[in-house]
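So the chains spell out like this:
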Amino acid sequence: MSSVAGFHASEIVVSVRPVKIQAKDEAVIGTIGGAALGGIAASSIGGGRGRALATVAGAIAGGVIGKKVEEKVDQIDALELEIRKNSGEHIVVVQKADPSLQPGRSVRMVQSGDRINVGVLN
């Protein structure tokens, strides 16, 4: 079948693999929050120049840890779908998890710009 206005007729899911995708692109809140907490915690170490160095080191370490924590929290379950198009070509699409997307199922793909959404045909 052919493609009409961004809609691709029935294709088949060949394989499904669970993956995680990042819900957001930047972990700004975790980085800033972690840096602040790390700086505060480290500021009680030492005195004078040692305290200043400990505060800077604590802020950097806190920022790195805070960013990693936020990135992990913002991950969502997704599926990597290998789909055989009617032309015989195979493509891979990654999208939010949907338990109805299983190997052997007929699906339709709707394309909008650079995004493709896959849904099961009833």
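Residues numbered from 1 in each chain as written. Predicted model: local features only at pLDDT ≥ 70, side-chain atom pairs only at ≥ 80, totals over all residues. Heavy atoms only, no water.

So, about the overall build of the chain. Tallying secondary structure elements over the chain gives two helices and six strands in all. Each helix and strand of the chain, ordered N terminal to C terminal, gives the series β-β-α-α-β-β-β-β. Here the chain holds 122 residues, and 26% of them are scored as buried. Relative to all contacts within the chain whose residues are 6 or more apart in sequence, the contacts with residues 24 or more apart total 60%. Summed over its atoms, the accessible surface of the chain is roughly 8,000 Å², and 59% of this surface lies on carbon and sulfur atoms. (Helix = DSSP H or I, 4+ residues; strand = E, 2+ residues; numbered from the N terminus. Buried < 20%, exposed > 50% of the residue type's maximum accessible area, 1.4 Å probe, protein only. Contact = heavy atoms within 4.5 Å. Areas by Shrake-Rupley, 256 points an atom, 1.4 Å probe, with all protein chains shown as cover.)

Inspection of every chain in the model, using the stated rule, returns three salt bridges. For the salt bridge of Arg 17 with Glu 80, the shortest nitrogen-to-oxygen distance reads 3.0 Å. In this pair, Arg 17 is assigned in strand β2 (residues 7–22) and Glu 80 in strand β3 (residues 75–84), connecting sequence segments 63 residues apart. Accessibility expressed as a relative area gives 44% for Arg 17, which makes it partly exposed. (Salt bridge = Lys/Arg side-chain N within 4 Å of Asp/Glu carboxyl O.)

Let us now look at the pairing of strand β4 (residues 90–96). Taken together, the seven bridges between β3 and β4 define a ladder with antiparallel strand orientation. The partner of Glu 80 across the bridge, within β4, is Val 94. Linking β3 back to β4 in an antiparallel pair, the connection comprises five residues, with Gly 88 at a positive phi of about 95°. (Pairing = 2+ DSSP bridges.)

Residue placement: Val 14 occurs in strand β2. Given a relative accessible area of 32%, Val 14 falls into the partly exposed group. Between the C-alpha atoms of Val 14 and Glu 82, which are 68 residues apart in sequence, the distance is 5.4 Å. With sequence-adjacent residues up to four places away left out, Val 14 is seen in contact with Glu 82, Ile 83, Arg 84, His 90 and Pro 103.

Relative to the assigned elements, Gln 95 resides in strand β4. Filtering out sequence-adjacent residues up to four positions away, Gln 95 remains in contact with Ala 78, Leu 79, Leu 81, Leu 101, Ile 116, Asn 117 and Val 118.

Bringing the environment of Ile 91 into the picture now. One can find Ile 91 in strand β4. The sequence separation of Ile 91 and Leu 81 amounts to ten residues, and the corresponding C-alpha distance is 8.1 Å. Not counting chain neighbours up to four residues away, the residues in contact with Ile 91 comprise Leu 81, Glu 82, Ile 83, Lys 85 and Met 109.

Quick look at the side chain of Lys 85 now. With respect to the helices and strands, Lys 85 occurs in the loop between β3 and β4. Apart from the residues lying within four places of it in its own chain, the contact partners of Lys 85 are Glu 11, Ile 91 and Met 109.

The biggest cluster of nonpolar side chains holds eleven residues, and these are Val 13, Leu 79, Leu 81, Ile 83, Ile 91, Val 93, Leu 101, Val 107, Met 109, Val 118 and Val 120. Elements represented by at least two residues in this core include exactly β3, β4, β5 (106–112) and β6 (115–120). A total of three residues in this core trace back to one element, the largest contributor, which is β3. (Core = buried A, V, L, I, M, F, W, Y, C linked by side-chain atoms within 4.5 Å.)

These values are about where atoms sit, not about what they do.
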